[in-house]
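Residues per chain, in single letters:
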Amino acid sequence: MKTILEIQKLDRQIRALEREVETCPASVDFEKYKKVLQSGRDRFNQLENQANEIIKNFNLANNHLSNYKGGSDIIKKKNTANINLDNISSLISDANALLGDLSEENRRVEDLVRKSEEIVRKSAELSQKLTEAKLRSKSIKAKIEQKKQEVAPKIVELQKKIAALEPKVQDKEKYEKYIEMKQKGIFPVYVPLVDVFCGGCSVELPLNFIEKLKTKKMLPCEHCGRIIMLDK
Ligand SMILES: [Zn+2]
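Residues numbered from 1 in each chain as written. Predicted model: local features only at pLDDT ≥ 70, side-chain atom pairs only at ≥ 80, totals over all residues. Heavy atoms only, no water.

A. A look at the sheet that holds strand β4 (residues 227–229). Overall, mixed pairing links the four strands, which are arranged β2-β1-β4-β3 in an open sheet. With partners counted over all chains shown, the strands left at the sheet margins are β2 (197–198) and β3 (218–220), one partner each. Here helix α4 (residues 172–183) sits on the sheet in contact with β1 (190–194), β3 and β4, set at roughly 95 degrees to β1. Each of β1, β3 and β4 is contacted by helix α5 (residues 207–216), which is oriented at about 135 degrees to β3, the strand it contacts most. (Pairing = 2+ DSSP bridges. Helix = DSSP H or I, 4+ residues; strand = E, 2+ residues; numbered from the N terminus. Contact = heavy atoms within 4.5 Å. Axes fitted to C-alpha atoms, helices over the stretch in contact; angles between N-to-C directions.)

B. Representation of the coordination of the zinc ion within the structure. Of the protein atoms, only C198 (SG), C201 (SG), C221 (SG) and C224 (SG) coordinate the zinc ion, at distances of 2.2 to 2.4 Å. Each of the four donor atoms around the zinc ion contributes to a set of angles spanning 108 to 111 degrees, which defines the coordination as tetrahedral. Expressed as a motif, the donor residue spacing for the zinc ion is C-x2-C-x19-C-x2-C. Of this pair, C201 sits in the loop between β2 and α5 while C224 sits in the loop between β3 and β4, placing them 23 residues apart in sequence. Looking at C201, the relative accessible area reads 24%, which means it is partly exposed. Accessibility expressed as a relative area gives 18% for C224, which makes it buried. (Donors = N, O, S within 2.8 Å, 3.2 Å for Na, K, Ca; no water. Tetrahedral: all angles 85-135°; square planar, octahedral: opposite > 155°, others 65-115°. Buried < 20%, exposed > 50% of the residue type's maximum accessible area, 1.4 Å probe, protein only.)

C. Summary view of the nonpolar core. In terms of nonpolar packing, the biggest core is built from 29 residues, with I7, Y175, Y178 and Y190 touching the most fellow members. For this core, the secondary-structure elements that each account for two or more residues are α1 (2–23), α2 (25–81), α3 (85–165), α4 and β4. Looking at this core element by element, the count peaks at nine residues for α3. Split by domain, the residues of this core number at least three in each of domain 1 (2–170) and domain 2 (175–229). Those residues within four positions of Y178 in sequence are excluded, and the remaining contacts are I4, I7, Q8, D11, F187, V189 and Y190. Core analysis: the next-biggest nonpolar cluster, separate from the first, contains eleven residues, C198, F209, I210 and L213 among them. (Core = buried A, V, L, I, M, F, W, Y, C linked by side-chain atoms within 4.5 Å. Domains from an automatic or database assignment.)

D. Seen up close, the packing of α1 against α3. Interaxial distance between α1 and α3 falls to 9 Å at its minimum, and their mutual angle equals 175 degrees. By the criterion of interaxial angle, the relationship of α1 to α3 is roughly antiparallel. Within the contact between the two elements, α1 uses T3, E6, I7, L10, D11, Q13, I14, L17, E18, E20 and V21 and α3 uses I144, K147, K148, V151, K154, I155, L158, Q159, K161, I162 and L165. (Parallel < 35°, antiparallel > 145°, perpendicular 65-115°, else oblique.)

E. Seen up close, the side chain of S137. Here S137 shows up in helix α3. The buried category is assigned to S137, whose relative accessible area is 5%. Only 2.8 Å separates the side chain of S137 from the backbone oxygen of K134, close enough to count as a polar contact. (Polar contact = N/O pair within 3.5 Å; in protein donor to acceptor, adjacent residues only side chain to side chain.)

F. Quick look at the domain arrangement of the chain. In terms of domains, the chain is made up of domain 1 (2–170) and domain 2 (175–229). Taking only C-alpha atoms into account, the centre of domain 1 sits 48 Å from that of domain 2. Each partner contributes to the interface: domain 1 provides ten residues, whereas domain 2 provides eight residues. Ranking the residues of domain 1 by area buried against domain 2 places I4, Q8 and R15 at the top, with a combined share of 53%. Applying the counting criterion to the domain 1 and domain 2 interface returns one salt bridge. The tally of links from domain 1 across to domain 2 stands at five residue pairs in polar contact (both at pLDDT 80 or more). Looking at the side of domain 1 that touches domain 2, the element that brings in the most residues is α1, giving seven residues. (Buried area = accessible area lost by both parts, 1.4 Å probe. Salt bridge = Lys/Arg side-chain N within 4 Å of Asp/Glu carboxyl O.)

G. Main features of unusual backbone geometry. A cis amide bond links F187 to the next residue, P188, at an omega of -10 degrees. Within the fold, P188 resides in the loop between α4 and β1. One non-glycine residue, D195, adopts positive backbone phi at about 60 degrees. Tracing the sequence through the fold places D195 in the loop between β1 and β2. Positive phi values are uncommon outside glycine, yet K217 reaches one of about 75 degrees.

H. Geometry of α5. Restricting attention to buried positions, one finds in α5 the residues F209, I210 and L213. Projection of α5 onto a plane perpendicular to its axis shows the buried side chains occupying an angular sector of 95 degrees, all on one side. Projecting away from the buried face of α5 at angles above 90 degrees are the exposed residues L207, N208 and T215. Among the structural elements, β1, β3 and β4 are those in contact with the buried residues of α5. Following α5 by one or two positions, K217 has its phi on the positive side, about 75 degrees. (Arc of directions from axis to C-beta.)

What follows is the structure in structure tokens.
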């Protein structure tokens, strides 16, 4: 068991080195960059949807306008063919209504033009930001790589020590369990009993569990599955 615990200690050092890479400023920056890129993509999609909406409204406005064109022809016909004192006032009010509608339609089209210009401007801005972020990510990646290179020989050294210890492991079954749980991401695998708490997940252990542990010396935690040892 002593050898397994020694190996666990070395594995802990390897993990600490790996963690050093994961938490170095460049890695933190890289996580931020990934978020920027994702929100940039989302924003692009939003803009695209807005642009599609505007195109749809443009087409609607176009249809309206061609309807009005027909309307104005009717008024022209009325004006030339049937103009008389009885219908002149209704013709004038028709024409005024048409003018009002047209200027309303015109405002709507102008509004659409403004919106689409805004979208083009925002897209260009966003595109520039994303290009800058991509450029920055290259230097961030280089820094992460540098950090990896820095810890790599230390990790190799620790792995060599583990390889040298492995043949000395007497309890193969316990070591297999160790490897299996480590691969599942449960680490450390063998933990001490700390007062009445699991040395891995800190859950308070029931009294009957501790009683059982006193006779068995080693028991898996009911909460995290780590093996709690009575003797360190
Ligand atoms: Zn636990």
